[in-house]
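Geometric and topological summary
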Amino acid sequence: MWTKFIASVKKELLLLIRDIPALSMLFLMPVTLVLVMTMLQDSTFKILDEQRLSIIILNNDTGSFGKNIVKGLQASKLFKVTTAHNSSVDGLKSKVAKGKFTIGIVVNKGATQSITKNLNREIYHQFPEEITAAVTLDTVGAGVSAKVDVFFDPVIKYSVKQSVLSALREFSAGVESEIIYSTYASLFKQLLGVEMKKSTHPVQLVEIHEQKAATEATSTIPNSTQHNVPAYTLFAIFFIVIPLAGNIIKERTSGVALRLKTMPGSVVPSLLGKTAVYFFLGFIQATVMFLMGIFILPLMGLPQLNIQSNQWMALLILTFAISMAATGYGILIGTIFTSQTQASIFGSISVVILAALGGIWVPIFMMSDLMQTLSRFSPLNWGLHGYYNILLRHSGISGITTDVFLLLGFFMVSVLGAWLYQKRKKG
Amino acid sequence: MNQQPAIAIVDLTKQYAQSEKPAVDGLNLQIMQGEIFGLLGPNGAGKTTTVSMLCTHLEPTKGLIYINGKEVSENQLFIRNRIGFVPQDIALYEELTAKENLHFFGNMFGLKGKTLQNKIDYWLDAFNLGDKSKKKIKTYSGGMKRRINLIAGLLHNPEILFLDEPTVGIDVQSKNVIIEFLKELNKQGTTIVYTSHHMDEAENFCSRIGIIDHGKIIAKGAPASLIAQYDDCNNLEDIFLKLTGRTLRD
């Protein structure tokens, strides 16, 4: 049994080492993918933080509204603000259209005045006539809204557009509050001769605390590396399906499988040897990818993969289960398909589909209900969920138990399927 | 020649699910120990299916096979330890060297260490391949590949050797080496069951032949006595064509 197992492992290793294209596919492809995707997505992860949206603002308003909008935008971490002086609206529009700025904002002339007049009219109507007769509030020209024009670069995403508009509405609301306050102050002064004092200790009525829903205070900030390294590690491990299935089919078409089946004893040691090699290949791939995330990506200016010392065991267990699942799938494909071309086409396409369903490219929460339901059946989803639980949610081994069982179940179902298919064929 | 049957086949039938007619149809045959038995037939006659069932690779739909007195389906391990199988295809790993291939198949037979190494060296020398044993199989000529293919089935010294067209597509010299070697092996007591399309080769090589068509044995006997039975036939090929017809088989 051991002689056969070791012979099979040795043979598979030799075949694998000598198959340079397959090895390249298994190592270079995922490494390249991680590098490219991390670099691409790094800017997406940073876009609302370090890489601020570039805004050009033309303030034609001489009042507090225009000044406060400019001040608010400049204070925001979201935007890099350039103030346009001596520029026309068309000039500003052209700069945005050419992509020099992502967003262009024009605060139109008399905006503060319009707001003040409209608010004056509103407040004026709230008081009884005997009081309003005694005061004078400028409401001439009320009814015309203050105008702010926002020009967006056509390529800007809908979500970014909405963020910008929300921020503008927030600044406007702040400015409006200040104008309301000063209008009331003016009324009180005129009616009661009382000078209202400005608050020296303004209190923020609602304080919003942004916190991560992690179980430990030491939770990791998600970034492109934390997402891409586990995602493409999974993708790479599942790509062993192609050489493994090809190897099984080659043995069958060359007659080697037939020869092995006529030899004394079971074919199990031979199959186990093959499984062991591809299983450990998955481990090596994972190790290479994780080491790359820790040591290579930071050298390229990308975030470092953050793995804490107490996470290694959970990572080991999960990677074990993922490797088993991928190996089982490879055995199933290699058993069912009759040619290497069929197996490589089906194998690669099915892995890409399972990866897409598994949330490798698009996060699952962004998928439609139907796709979210389908994603529950993707082993890559179980794997990615497990990696996220370990690396981002710091859940430890207890947080990956379900995923590990699902992956091992997938392995067993695949191998059982292959065995039943083979048995039926032999009969 | 020992007159104990090495192989006894009783009413052997194989019906494939996707086929209307059985590939092997109620075959009855005895092959004696020490014989070189040639199973001849046109394409699709049932030769390979029969050999596959004899080698335990395929399960019969009906019928029984006895090898050295043991029923095959119930004694697979016993049978597999005593048979050698050389498939029609070059059943070797192209990316491995001849030695690496033979080591692997030897290990699969349960052989190891010095015993296996000695056997490999012996067979490689016997087939004049000793100096090329460290080259990958993919660099070998057709004849060299056939010789390694044969050695891989001989490493465990089988009592019965099944050869499925062992000389197909090779040069005359390689064919001659293989046939002469197999004759020598047979002299040492190995029973050989051989399928081929080469009638002249079978006529000279086999002690007895069986012509199979549509899954049934339609003629059997020693080549010379078969030729003698048919007045209008001068050789085995004439008999073969007379019995199986001249229509092309695909």
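The structure we're discussing is the one just above.
Residues numbered from 1 in each chain as written. Chains lettered and ligands numbered in written order. Predicted model: local features only at pLDDT ≥ 70, side-chain atom pairs only at ≥ 80, totals over all residues.

1. Observations concerning the overall build of chain B
The cut-off we apply is this: Runs of E in the DSSP output that reach at least two residues are strands. Runs of H or I that reach at least four are helices, and both are numbered from the N terminus. Residues with at least 20 other C-beta atoms within 10 Å of their own are called buried, those with 12 or fewer are called exposed, and the rest are partly exposed. The C-beta atoms themselves are positioned from the backbone. With C-beta atoms placed from the backbone, a contact is any residue pair whose C-beta atoms sit within 7 Å.
Scanning chain B from terminus to terminus reveals nine helices and 10 strands. The 250 residues of chain B split such that 47% are buried. Pairs at least 24 apart in sequence give 70% of the contacts found in chain B among residues at least 6 apart.

2. Considerations on the packing of helix H1 (residues 2-18) of chain A against helix H11 (residues 268-299) of chain A
Residue and element names in this part refer to chain A. For the record, the criterion: Note on geometry: axes are C-alpha line fits, over the in-contact stretch for helices, and angles between N-to-C directions span 0 to 180 degrees. What sets the label is the angle itself: under 35 degrees gives roughly parallel, over 145 gives roughly antiparallel, 65 to 115 gives roughly perpendicular, and the rest give oblique. By definition, any crossing whose near helix is turned counterclockwise from its far helix by less than a right angle is left-handed, and any crossing with a clockwise turn is right-handed.
It is the contact of H1 with H11, at a shortest axis distance of 8 Å, that shows an interaxial angle of 45 degrees. One element, H1, and the other, H11, form an angle in the oblique class. As H1 runs across H11, the sense of the crossing is right-handed. Seen from H1, the contacting residues are Lys4, Phe5, Ser8, Val9, Glu12, Leu13 and Leu16; seen from H11, they are Pro269, Ser270, Leu272, Gly273, Lys274, Ala276 and Val277.

3. Some words on the pairing of strand E9 (residues 208-213) of chain B
All names here are of chain B. Short version of the rule: Paired strands, as defined in this entry, are two strands with at least two bridges between them according to DSSP.
Burial within E9 is extensive, with five of its six residues counted as buried. Alignment of strand E3 (residues 36-40) against E9, held across four bridges, turns out to be parallel. Opposite phenylalanine 37, over in E9, you have arginine 208 as the bridge partner. Pairing analysis gives five bridges linking E9 to strand E10 (residues 216-221), with the strands arranged antiparallel. Within E10, the position partnered with aspartate 213 by the bridge is lysine 216. Taking the residues between adjacent antiparallel strands as the criterion, E9 and E10 are bridged by two residues, where histidine 214 takes a positive phi near 50 degrees.

4. Observations regarding the sheet that holds strand E4 (residues 148-152) of chain A
All names here are of chain A. Across the sheet, four strands lie side by side as E2-E1-E3-E4; this open sheet has mixed pairing. Edge positions in the sheet fall to strand E2 (79-83) and E4, since each of these pairs with one other strand and no more. Across the sheet, the axes of successive neighbouring strands diverge by a mean angle of 20 degrees, strand direction being ignored. Pairing of strand E1 (residues 53-59) with E2, which is carried by five bridges, proceeds in the parallel orientation. Among the inter-strand pairings, leucine 53 is bridged to a residue of E2, identified as phenylalanine 79. Against the sheet, helix H3 (residues 64-75) engages E1, E2 and strand E3 (103-107), with an angle of about 165 degrees to E1. Along the sheet, helix H7 (residues 158-192) contacts E1, E3 and E4; its crossing angle with E4, the most-contacted strand, is approximately 160 degrees.

5. With respect to the sheet that holds strand E4 (residues 62-67) of chain B
All names here are of chain B. Pairing in this open sheet of four strands is antiparallel, and the strands run E2-E1-E4-E5 from one edge to the other. Every other strand in the sheet has two partners, leaving strand E2 (24-32) and strand E5 (70-71) as the edge strands with one partner each. Sheet topology note: the strand E1 (residues 5-14)/E2 ladder contains six bridges and is antiparallel. Note on E2: the bridge partner recorded for lysine 14 is valine 24. Of the strands in this sheet, E1, E2 and E4 are in contact with helix H1 (residues 47-54), which crosses E1 at around 120 degrees.

6. Thoughts on the nonpolar core
Formally: One nonpolar core equals one set of buried Ala, Val, Leu, Ile, Met, Phe, Trp, Tyr and Cys residues connected by C-beta atoms within 7 Å.
In terms of nonpolar packing, the biggest core is built from 142 residues, with Phe238, Val241 and Leu407 of chain A together with Phe162 and Val193 of chain B touching the most fellow members. The biggest single contributor to this core is helix H12 (residues 312-336) of chain A, with 12 residues. The contact partners of phenylalanine 238 of chain A, leaving out residues within four places of it in the chain, are Ala326, Val351, Leu354 and Leu380 of chain A. Membership of the second largest hydrophobic core comes to 25 residues, among which are Ile57, Leu73, Phe79 and Phe171 of chain A.

7. Observations concerning the environment of asparagine 247 of chain A
All names here are of chain A. Residue placement: asparagine 247 occurs in helix H9 (residues 241-254). It is 9.5 Å that separates the C-alpha atoms of asparagine 247 and isoleucine 331, two residues lying 84 residues apart in sequence. Sequence-distant contacts of asparagine 247, that is, excluding residues within four places in its chain, are made with Leu15, Lys274 and Gly334.

8. Description of the environment of tyrosine 421 of chain A
Residues and elements named next belong to chain A. The residue tyrosine 421 is located in helix H16 (residues 401-426) in this model. Given 13 C-beta atoms within 10 Å, tyrosine 421 falls into the partly exposed group. Put simply, tyrosine 421 and threonine 335 are 86 residues apart on the chain and 7.6 Å apart in space, counted from C-alpha to C-alpha. Excluding its chain neighbours within four sequence positions, the residues that come into contact with tyrosine 421 are Thr335 and Ile336.

9. Description of H9 of chain A
Quick reminder of the rule: To estimate the expected span of a helix, subtract one from its residue number and multiply by 1.5 Å.
The terminal C-alpha atoms of H9 of chain A lie 20 Å apart, and with 14 residues this matches the ideal 20 Å at 1.5 Å per residue to within 8%. Among the 14 residues in H9 of chain A, 11 count as buried, and that is most of the element.

10. Considering the packing of helix H5 (residues 142-151) of chain B against helix H6 (residues 172-187) of chain B
Residue and element names in this part refer to chain B. We apply this condition: By the convention adopted, Pro, Cys, Tyr, Trp, Phe, Met, Ile, Leu, Val and Ala count as nonpolar, Lys, Arg, Asp and Glu as charged, and the other residues, Gly among them, as polar.
For the pair H5 and H6, the least separation of the axes is 9 Å and the interaxial angle reads 15 degrees. The angle between H5 and H6 falls in the class roughly parallel. Between H5 and H6 the crossing geometry is right-handed. Residues Gly143, Arg146, Arg147 and Leu150 of H5 lie in contact with H6, whose contacting residues are Gln173, Ser174 and Ile178. Among the residues forming the contact of H5 with H6, the class breakdown is two nonpolar, three polar and two charged.

11. Observations regarding the interface of chain B and chain A
Taken residue by residue, the interface counts 26 residues in chain B and 22 residues in chain A. For the side of chain B that touches chain A, the elements supplying multiple residues, two or more each, are helix H2 (76-82), strand E6 (83-86) and helix H3 (98-108) of chain B. The element contributing the most residues to the side of chain B that touches chain A is H3 of chain B, with four residues. Across the side of chain B that touches chain A, the residue classes tally to 15 nonpolar, five polar and six charged.

12. Focus: unusual backbone geometry
Residue and element names in this part refer to chain B. For asparagine 68, which is not glycine, the phi dihedral falls at a positive 50 degrees. Tracing the sequence through the fold places asparagine 68 in the loop between E4 and E5. For asparagine 68, a count of 18 C-beta atoms within 10 Å corresponds to the partly exposed category.

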